[in-house]
Amino acid sequence: MTKRSDGSGAAAKGRRQRTLSEAAAEGRAIAARDAVERTAYANAAALASHDSEQSAGSGEFGFGGTMRRRDFVSLTATGLLISFSVKPLEGMARGRWNPANLQRPSPDFNAFVHIGADDRVTLLVGKIEMGQGVMTSLPQMAAEELNISIDKVDVVMGDTDLCPFDMGTYGSLSILALGPVLRAAAAEGKAVLMQMGSVKLGVPVDQLEVVDGILRSKADPSKRVSYGALTGGNRIERKVDGPAAMERVGDFTIIGISAPRRDAPAKVTGKAKYAGDIIPTGALHARILRAPAHGATLKSVDTSKAEAYPGARVVRAGSLIAVLHAHRDEADKALKLVVAEWNPSPSVLDDKNIFEHLEKHAPAPQTGRPRGNVAEGEAAAADIVATKYLKGYVAHAPMETHSAVTEIAADGKVTVWAGTQMPFGVQSQVAQALQLPPAKVRVITPFVGGGFGGKSVSNQAIESAVLAKAAGVPVRVIWDRSEEFFFDGFDPATVVNVRAGLTREKKITFWDYEVIAAGGRGLQEFYDIPHLRTNTRGTWGTGSGTLHPFNVGPWRAPGANANIWARESHIDALAAKAGMDPVEFRFSHLAGSARMATVLRTAVEKFGYKPKAQAAKPGQRANVGLGVALGIDAGTYVAGIAQVKLDRATGEITVERVVIAQDMGIVVNPIGAMQQLEGCVTQGLGYVLSEEVRFKNGEVLDKNFTTYTLPRFSWVPKIEGYLIANNELPPQGGGEPAIVLMGAMIGNAVFDLTGVRLTQLPFTKERVKAALG
């Protein structure tokens, strides 16, 4: 966490003035390209940007998905511009600066804070908004440090020409990694303005206060000046290199207060625009010839009938064969006229034999931070429990399928609107595909309709760009649902083998854990175990096309869902072997983790949990099962208890109630954190109860939701979330922690009810019936 200090510094250091005439000249240089952009946005009724009406106080939230270059040049021609860098967390890869046309700062800048002459603040960050709510919480953090109301803060996100480089939006890192330095930049901006205000008003800095962007004398409030007035029409640049004096937690008035979602009005009224809604003049839909199976190769193709279809164009670009038409349904009809013959896929894998394949072909184990000596611990064991846990492939299934549109201007500048979690990655990929320097490619990310890790890869954007270049017109690529399933980077199938032992004193003496294909996320060990070994053989980011028959990738809390399900199920199995209540057993192994013990205690108290032996009434627990699970994800400690019922005749599990206690440090936006928690529980029902990709010989058999079952509204239990106050810790991740508990909570609850341990996800009706039988 950034240390607290005075942070004021010399206000003149690093300043550079830039005149309006210079800005105007730069604006004229891009006028022709700007006109093309305006047309595209007008046709799409594009996203609201930072315009004069907003600046005048229209009452609208100031979210600008992007803005025209001319508007940006005009915006930043005056005012205070704070640039700052985000140091990657330990173990994170670090990307290089991807040069943009308008800013060329030092390579480590990751975000800007601009304080304008109109008293508005604009944040420019490379993150994107896909429903997680950062377009609300990031402005909260800046507003807190600047002592202004949040409705004066605009944010531009995910635009590679306007926003500094960002590795991507994933891993619950927007608040965890970007948040502290964003606060520091805003605090530095306030410090600079306080110095300027001191000179302007003739009042010492320590005698000034800020009230909603107005600096005033504490002794004489009539001596006042606004942030905007202080810039005096000049452009002032400042870089944050070191610590800044930030607000104390006890003084927070915006952080920690529930703020309404800025994107909610546009989304519930249908005004929100996604990549598929952007329609440049003359744009054509592209429907692409697809292989029937992964590994199948094209033997022959006849496009003559499609070429004769009215209004259709057949375009070949590299390996792509596409039919273009102004109307998507007509493009689909023309595509069906293409006659293609395929060589079959060599794959012989399916969703039944995949687990044997994974165990046979997994890479050599990587051992992480062993503790003690497993052989010595095993020798001290009075009882040993060994179990194999299996989990199938899971699709991301976002509401918005992968979509992109590309337009190439007369000067060769390429603009791609894409639903992606990694706009700068897409910029580099498109530049490489078109053999252009990255500065010639602009990627704009409108609202993203769900990602969950699946839009970390955005091949649709490359397809759109390649076809637009080949066709000489703007091209829209919007995958249908079958393409979304086929090309998804699935959450990988996983095998986990666990052996663990108990002493006669009912203490875990050793823990030997092997996970195949999921990686090590979620395996932070907080239980008191003297002898421990964890081997990982492959991760969710490796093995596409070799270990796995198709693409795999990150899925909300990648790897942690499988790992925490297996670990917490096995902890429960050890508790049963010891003859102890599972909550009591966990507490007996948490002496070394006071934080986790507090989280578990909160969940137990809020649920009103009682062991079976202490049930208040005879038979109180006879018809329901209770399951508990603990986990750590993105720095957040989480504990949960689920209550389930079971129809033994059909095997159907009904989750009635879920209580989650979560310690995520300082909570920036409590209502937003609760929405994420509830979303985790709801989405988690899918991978636990129904979601599993069926495939055979390279063909993905699930092509729509008629066979791939997502959670229904009728499945959603009563959800109670409790955010534990921990203001000693900076904000941690909140988008994924609760989901990692779902498998173990529900599986342990079924065991509590039936005495049967479920060892393969998802817990389908058929598997439950078979286990009971």
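Everything below is about the structure printed above this text.
Here, residues in each chain are numbered from 1, in the same order as that chain's written sequence. Per-residue local features of the predicted model are confined to residues with pLDDT of at least 70, and side-chain atom pairs are confined, for both listing and counting, to 80 or more; whole-chain, interface and lining totals are unaffected and use all residues. Computation of side-chain values covers all heavy atoms of the structure but excludes hydrogens and water.

## Section: the overall build of the protein
Turning to step 1, where the next piece is worked out: Within the protein, the regular secondary structure consists of 21 helices and 30 strands.
Turning to step 2, where the next piece is worked out: A simple rule labels every residue: compare its accessible area, found with a 1.4 Å probe on the protein chains alone, to the largest value its type can have, and call it buried under 20%, exposed over 50%, or partly exposed in between. By residue count, 59% of the 773 residues in the protein fall in the buried class.
Turning to step 3, where the next piece is worked out: We call two residues contacting when some pair of their heavy atoms lies within 4.5 Å. Residue pairs at least 24 apart in sequence account for 78% of intrachain contacts in the protein once pairs closer than 6 positions are excluded.
Turning to step 4, where the next piece is worked out: For the protein, the accessible surface area stands at approximately 30200 Å², while carbon and sulfur atoms represent 53% of it. Note on conventions: DSSP H or I runs of at least 4 residues are helices, E runs of at least 2 residues are strands, and numbering of each starts at the N terminus. Note on areas: Shrake-Rupley, 1.4 Å probe, and residue coverage restricted to the protein chains presented here.

## Digging into the sheet that holds strand E8 (residues 224-226)
Turning to step 1, where the next piece is worked out: Think of it this way: DSSP has to see at least two bridges between two strands before they count as a pair. Across the sheet, three strands lie side by side as E6-E7-E8; this open sheet has antiparallel pairing. Both outer strands of the open sheet, strand E6 (208-211) and E8, are each paired with one neighbouring strand and no more. When strand polarity is set aside, the average angle formed by the axes of neighbouring strands in this sheet is 25°.
Turning to step 2, where the next piece is worked out: Strand contacts of helix H6 (residues 173-201): E6, strand E7 (214-217) and E8, with the helix running at about 120° to E6, the strand carrying the most contacts. The axes are straight lines fitted to the C-alpha atoms, using for helices just the contacting stretch, and the angles between their N-to-C directions are given from 0 to 180°.

## Digging into the pairing of E7
Turning to step 1, where the next piece is worked out: Every second residue of E7 is oriented toward a common face, the buried set being Leu215 and Ser217 and the non-buried set Ile214 and Arg216.
Turning to step 2, where the next piece is worked out: Bridge analysis of E6 against E7 gives four bridges, and the strand direction is antiparallel. The residue bridging Val210 from the neighbouring strand is Leu215, located in E7.
Turning to step 3, where the next piece is worked out: Between E6 and E7, which follow one another and run antiparallel, lie two residues, and Asp212 among them has a positive phi close to 50°.
Turning to step 4, where the next piece is worked out: Pairing of E7 with E8, which is carried by three bridges, proceeds in the antiparallel orientation.

## Observations regarding the packing of helix H19 (residues 670-689) against helix H20 (residues 742-754)
Turning to step 1, where the next piece is worked out: Taken N-terminus to C-terminus, the directions of H19 and H20 make an angle of 65°; their axes are 9 Å apart at the nearest point. Remark: the crossing between H19 and H20 carries right-handed chirality. Counted together, Cys680, Val681, Gly684, Leu685, Tyr687, Val688 and Leu689 of H19 and Met742, Gly743 and Ile746 of H20 form the full contact between these two elements.
Turning to step 2, where the next piece is worked out: Classes in brief: Ala, Val, Leu, Ile, Met, Phe, Trp, Tyr, Cys and Pro nonpolar; Asp, Glu, Lys and Arg charged; the others, Gly included, polar. When grouped by side-chain class, the residues that make up the contact of H19 with H20 number eight nonpolar, two polar and no charged. Handedness of a helix crossing follows the sense of rotation of the near helix relative to the far helix, less than a right angle counterclockwise being left-handed and clockwise being right-handed.

## Topic: unusual backbone geometry
Turning to step 1, where the next piece is worked out: That bond from Leu761 to Pro762 is cis: its omega, 0°, falls within 30 degrees of zero.
Turning to step 2, where the next piece is worked out: Here Pro762 is to be found in the loop between strand E30 (760-761) and helix H21 (765-772).
Turning to step 3, where the next piece is worked out: Located in the positive-phi region is Asp212, a residue other than glycine, with phi close to 50°.
Turning to step 4, where the next piece is worked out: Relative to the assigned elements, Asp212 resides in the loop between E6 and E7.

## Examining the pattern of salt bridges
Turning to step 1, where the next piece is worked out: We define a salt bridge as a contact between a side-chain nitrogen of Lys or Arg and a carboxyl oxygen of Asp or Glu at a distance within 4 Å. This structure, assessed with the given rule, holds 38 salt bridges.
Turning to step 2, where the next piece is worked out: Where Arg261 meets Asp263, a salt bridge forms, and the shortest distance between an N and an O atom there is 2.9 Å. For the pair formed by Arg261 and Asp263, the shared burial category is buried.
Turning to step 3, where the next piece is worked out: In this structure, Arg657 and Glu720 form a salt bridge, with 2.6 Å as the shortest nitrogen-oxygen distance. Here the residue Arg657 occupies a position in strand E26 (residues 652-663), and Glu720 occupies one in strand E29 (residues 718-723), the gap between them amounting to 63 residues. Per residue, the accessibility class of Arg657 equals that of Glu720, and both read buried.
Turning to step 4, where the next piece is worked out: Through salt bridges with shared partners, one network takes in Arg287, Arg290, Asp332, Glu463, Asp480 and Glu483.

## Describing the environment of Pro180
Turning to step 1, where the next piece is worked out: Looking at the element boundaries, Pro180 is found in helix H6.
Turning to step 2, where the next piece is worked out: Overall, Pro180 belongs to the buried group, its relative accessible area being 18%.
Turning to step 3, where the next piece is worked out: Once the C-alpha coordinates of Pro180 and Pro731 are considered, the two residues, 551 residues apart in sequence, prove to be 8.3 Å apart.

## Details of the pairing of strand E21 (residues 494-502)
Turning to step 1, where the next piece is worked out: With seven of nine residues buried, E21 is to be regarded as a mostly interior element.
Turning to step 2, where the next piece is worked out: Relative to E21, strand E16 (residues 383-391) runs antiparallel, the two being bridged by nine bridges. Looking across to E21, one finds that Tyr389 is bridged to Val496.
Turning to step 3, where the next piece is worked out: Both E21 and strand E22 (residues 508-516) contribute to a ladder of eight bridges, which runs antiparallel. Counted as the bridge partner of Leu502 is Ile508 from E22.
Turning to step 4, where the next piece is worked out: In this antiparallel pair of consecutive strands, E21 and E22, the connection spans five residues, and Lys506 shows a positive phi of 65°.

## So, the packing of aromatic side chains
Turning to step 1, where the next piece is worked out: Classification of ring pairs rests on two measures: the distance between centres of Phe, Tyr or Trp rings, Trp counted by its six-membered ring, which must be within 6.5 Å, and the angle between planes, read as stacked under 30 degrees, edge-to-face over 60 and tilted in between. By the definition in use, this model includes 16 aromatic pairs.
Turning to step 2, where the next piece is worked out: Seen in terms of ring centroids, Phe550 and Phe695 are 5.0 Å apart; in terms of plane orientation they differ by 80°. Their pairing is edge-to-face. You can see Phe550 sitting in the loop between strand E23 (531-537) and helix H16 (560-578) and its partner Phe695 sitting in strand E27 (residues 695-696), a full 145 residues away along the chain. In this structure, Phe550 and Phe695 share a single accessibility class: buried.
Turning to step 3, where the next piece is worked out: By the ring-pair criterion, three or more aromatic residues cluster together here, those being Tyr393, Phe490, Phe550 and Phe695.
Turning to step 4, where the next piece is worked out: A ring is scored as having a charge over it whenever the NZ atom of a lysine or the CZ atom of an arginine sits within 6 Å of its centre and within 35 degrees of its normal. The aromatic ring of Phe607 is capped on one face by Arg657, whose charged end is 4.1 Å from the ring centroid.
Turning to step 5, where the next piece is worked out: Its guanidinium or amino end placed over the ring of Phe751, Arg757 lies 4.2 Å from that ring's centre, counting from NZ or CZ.

## Re helix H18 (residues 594-607)
One full turn of an α-helix is made of 3.6 residues, so residues set three or four places apart face in the same direction.
Turning to step 1, where the next piece is worked out: Each residue after the first adds 1.5 Å to the expected span of a helix. Between its terminal C-alpha atoms H18 stretches 20 Å, which fits the 20 Å expected from 14 residues at 1.5 Å a residue.
Turning to step 2, where the next piece is worked out: Within the sequence span of H18, burial applies to Met596, Ala597, Val599, Leu600, Thr602, Ala603, Val604 and Phe607.
Turning to step 3, where the next piece is worked out: Elements that come into contact with the buried residues of H18 comprise helix H17 (582-587), strand E24 (625-633), strand E25 (636-647) and E26.
Turning to step 4, where the next piece is worked out: After H18 finishes, the residue Gly608 shows a positive phi value of roughly 80°.

## Some remarks on helix H14 (residues 459-471)
Turning to step 1, where the next piece is worked out: End to end, H14 covers 18 Å across 13 residues, agreeing with the expected 18 Å (1.5 Å per residue, within 8%).
Turning to step 2, where the next piece is worked out: Just downstream of H14 lies Gly472, where phi reads positive at about 75°.

## Structural notes on the nonpolar core
Turning to step 1, where the next piece is worked out: The set of buried Ala, Val, Leu, Ile, Met, Phe, Trp, Tyr and Cys residues whose side-chain atoms join them within 4.5 Å is what this entry labels a nonpolar core. The biggest cluster of nonpolar side chains holds 107 residues, and the ones touching the most others in it are Tyr393, Trp511, Phe585, Ile653, Ile660, Ile746 and Phe763.
Turning to step 2, where the next piece is worked out: Ranked by residue count, the leading element in this core is H16, at 10 residues.
Turning to step 3, where the next piece is worked out: Taken domain by domain, the makeup of this core includes at least three residues from each of domain 3 (276-344 + 397-487) and domain 4 (354-394 + 490-539 + 557-772).
Turning to step 4, where the next piece is worked out: In terms of nonpolar packing, the next biggest core, distinct from the first, is built from 45 residues, Val155, Val181, Leu208 and Ile666 among them. An automatic or database domain assignment supplies the start and end points of every domain.

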